Amino acid sequence: MTVIVYSSKSGSSRKYAESLGARVGLPVYAVGEQPSDERIVFFGWLRKDEVVGVRDVDRSKIIAVGVVGLDTQGRFN
């Protein structure tokens, strides 16, 4: 089975993860709460050149990564 896992500071990544989960019928978990044996669609946010939280999941289980970013005016990209 596949699950959606997110790392979120402001709540934006969580919102996108939950929206996708509702649309495709997949369970959604915060980093550290996900089952250990499932494939992962990961949602995180950018800090410089790093997707925050991706290091906290088993990378061999990741099948897709979504990144939420804001421009300098605080608008979603």
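Given the structure is predicted, the values throughout are model-derived calculations rather than measurements.

S.K.: Whenever I open this one, the pattern of salt bridges confuses me. Can you help?
M.R.: Side chains that differ in charge, positive against negative, can pair when their charged atoms come close. The final tally for this structure, using the stated rule, is 3 salt bridges. Two residues, R55 and E50, come together in a salt bridge whose shortest N-O distance is 3.9 Å. Judged by its relative accessible area of 63%, R55 is exposed. One connected set of salt bridges, linked through shared partners, spans R47, E50 and R55.

S.K.: It is not clear to me how the side chain of S12 should be interpreted in this structure. Could you clarify?
M.R.: Mapped onto the secondary structure, S12 falls in helix 1 (residues 12–24). Within polar-contact distance, the side chain of S12 engages the side chain of S10 at 3.3 Å.

S.K.: Is there a simple way to explain helix 1 in this structure?
M.R.: Along an α-helix, a turn takes 3.6 residues, which lines up residues three or four apart on a common side. Between the first and last C-alpha of helix 1 there are 19 Å, a value that for 13 residues agrees with the 18 Å anticipated at 1.5 Å per step. Along helix 1, the residues classified as buried are S12, S13, A17 and G21. Where helix 1 is buried, its residues touch strand 1 (2–6), strand 2 (28–30), strand 3 (39–47) and strand 5 (62–68). Positive phi appears at G25, one or two residues downstream of helix 1, with a value of about 75 degrees.

Reading the values: rules and limits
Residues numbered from 1 in each chain as written. Predicted model: local features only at pLDDT ≥ 70, side-chain atom pairs only at ≥ 80, totals over all residues. Heavy atoms only, no water. Salt bridge = Lys/Arg side-chain N within 4 Å of Asp/Glu carboxyl O. Buried < 20%, exposed > 50% of the residue type's maximum accessible area, 1.4 Å probe, protein only. Helix = DSSP H or I, 4+ residues; strand = E, 2+ residues; numbered from the N terminus. Polar contact = N/O pair within 3.5 Å; in protein donor to acceptor, adjacent residues only side chain to side chain. Expected span 1.5 Å × (residues − 1). Contact = heavy atoms within 4.5 Å.

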